[in-house]
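# Commentary on secondary and tertiary structure
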Amino acid sequence: MAGTVLVTGANGGLGSAMVSKILATPGFRFYHGIYTVRNAGKATPALDAILQGGASSSKHTTEVHSYERLSLDLSNLASVRELASTINKRVAAGQLPPIRAIILNAACEEFQKQTWTEDGLDTTFIVNYLGHWLLVMMLLESMDRDRGRIVWLSSFSHNPYDPRSIFIRSHAEAKYKNIISDDLGPIAKGTWSPNPLQSNSQTWAPGYRRYGSSKLCGVTMINELQRRLDHDPLLNNIAVLAVDPGSMSTGIVRQSRSWFLRVVIFQFLIPLLGSLMVRLYPNGTWRTPDKSSRDVLAAGLNSGPPPLSERPKGLYLNGSEQGAYNPEAADPAKGIVVWKGSVKFAQLKEGDTLLQDWQ
């Protein structure tokens, strides 16, 4: 096998499209797939159908795709630790090939409600960022040390100055123009952009901003984590990059109370808009899961065409082209704030990671 590819949130719209693309792309079948879902004991119809279809088609080819569907609850750091520990033991024992790519795809966005974990951390923050960060830190010892890649999924919501954020006025108030302060606590605990006290509030902006701030933390890692890896004697060939897959029809709005948003917009209008617009503007705002899955897998596994290369370190992609991102993510001081806060809230300790400069 060529290596292991780990995809989180594999049962979602984009995640299942990536699995489908792996099964359909010559060469990708040789990778061993680890596809995580929140509870592998429950049925995931879309993903299960894709995997079963791939198993059936493999009877007619020599490229047999091996895979496993594993549980990962990113809102529970104990679950993250358990999965990472299991994978590390299996790679060390030679039962799994080293990890070629970790694709950090799973995400949630809360709309009318705001929830916290038992540790008092904002659910959006821990699912979209902190759980992924801890997973990466623990799995570094199992990475392919010559060609390994870590791919963060981004969104224009991480940048208040993106024209689309300006258009929807999500960060119109001055206090929301700057996201990372000298303390990660307000983002981690969800107090930076809290929901209104009224439980029946229909406003979408606070949850959207929390979603964006969690994505910003991930984008920060293409500089901060990359810098630490570059100085590590064992891990300096590993590349960290981010991809904005654009807007498409997925289950990200499944928690919204708005039937119009969940059904009419995301199940009918966006698929239609994406299929039309992606032909005219392949890297525009509206895309399809098929196009975006191809871009994300290319970021994780391909060495070209440019801007991809053999080791695309610190690269930010908008689809298949180089993109612009929030300058806060490139600020070394803010990178350290996010890093130190991540160590604190994930309770990372000596022996949890192979990275030398982890503190």
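Above: the structure in question.
Not measured: the values here are computed from a predicted model.

### Things to note about the environment of Gln 359
- In this structure, Gln 359 sits in the segment after α10 (332–346).
- Beyond its immediate sequence surroundings of up to four residues, Gln 359 is in contact with Arg 228, Trp 339 and Lys 340.

### Considerations on a nonpolar patch on the surface
- A cluster of nonpolar side chains, contributed by Phe 167, Ile 168 and Trp 204, occupies part of the molecular surface with about 330 Å² of accessible area.
- Here Ile 168 is to be found in helix α5 (residues 163–168).

### Overview of the packing of aromatic side chains
- Taken as a whole and judged by the stated rule, the model has eight aromatic pairs.
- For the ring pair Phe 28 and Tyr 31, a centre distance of 6.4 Å and an interplane angle of 70° mean the geometry is edge-to-face.
- On the accessibility criterion, Phe 28 (12% relative accessible area) is buried.
- When the centroid spacing of 5.4 Å and the interplanar angle of 80° are considered together, the rings of Tyr 176 and Trp 192 count as edge-to-face. Here Trp 192 lies in the loop between α6 (185–188) and α7 (205–230) and Tyr 176 lies in the loop between α5 and α6, a separation of 16 residues in the sequence.
- In this structure Trp 192 comes out as buried when scored by relative accessible area, which is 13%.
- Here a set of aromatic residues connected by ring pairs shows up, and it is made of Phe 125, Tyr 129 and Trp 152.
- The ring of Tyr 176 is capped by Arg 209, whose NZ or CZ atom sits 3.7 Å from the centre of that ring.

### A short note on the pairing of strand β2 (residues 32–37)
- Extensive coverage of β2 is indicated by the burial of six of its six residues.
- Side chains of β2 alternate between two faces, with His 32, Ile 34 and Thr 36 and Gly 33, Tyr 35 and Val 37 buried alike.
- As paired strands, strand β1 (residues 4–7) and β2 are joined by four bridges and run parallel to one another. When the bridges of β2 are listed, Val 7 appears paired with Tyr 35.

### Re the nonpolar core
- Ranked by internal contacts, the top residues of the largest apolar core, which has 62 residues, are Leu 130, Trp 133, Leu 140, Ile 150 and Leu 225.
- Among the elements of the structure, α3 (77–92), β4 (99–104), α4 (123–139), β5 (149–153), α6, α7, β6 (239–244) and α10 are those that each provide at least two residues to this core.
- Of all the elements, α4 adds the most residues to this core, at twelve residues.
- Beyond its immediate sequence surroundings of up to four residues, Ile 150 is in contact with Ile 102, Leu 104, Val 136, Leu 140, Met 143, Leu 225, Ile 238, Ala 239, Val 240 and Leu 241.
- Of all hydrophobic cores here, the second largest spans 29 residues; its members include Phe 28, Tyr 35, Ile 103 and Leu 153.

### As for the pattern of salt bridges
- As enumerated under the stated definition, the model contains 18 salt bridges in all.
- Where Asp 352 meets Arg 81, a salt bridge forms, and the shortest distance between an N and an O atom there is 3.1 Å. One end of the pair, Asp 352, is in the segment after α10; the other, Arg 81, is in helix α3, with 271 residues separating them in the sequence.
- Judged by relative accessible area, which is 9%, Asp 352 ranks as buried.
- The closest approach of N and O atoms between Glu 310 and Arg 311, which form a salt bridge, is 4.0 Å.

What counts, and at which threshold
- Residues numbered from 1 in each chain as written.
- Predicted model: local features only at pLDDT ≥ 70, side-chain atom pairs only at ≥ 80, totals over all residues.
- Heavy atoms only, no water.
- Helix = DSSP H or I, 4+ residues; strand = E, 2+ residues; numbered from the N terminus.
- Contact = heavy atoms within 4.5 Å.
- Patch = residues over 30% accessible without salt bridge, like charges linked within 9 Å, V, L, I, M, F, W, Y side chains within 5 Å.
- Areas by Shrake-Rupley, 256 points an atom, 1.4 Å probe, with all protein chains shown as cover.
- Salt bridge = Lys/Arg side-chain N within 4 Å of Asp/Glu carboxyl O.
- Phe/Tyr/Trp six-rings, centres within 6.5 Å; stacked < 30°, edge-to-face > 60°.
- Buried < 20%, exposed > 50% of the residue type's maximum accessible area, 1.4 Å probe, protein only.
- Lys NZ or Arg CZ within 6 Å of the ring centre and 35° of its normal.
- Pairing = 2+ DSSP bridges.
- Core = buried A, V, L, I, M, F, W, Y, C linked by side-chain atoms within 4.5 Å.

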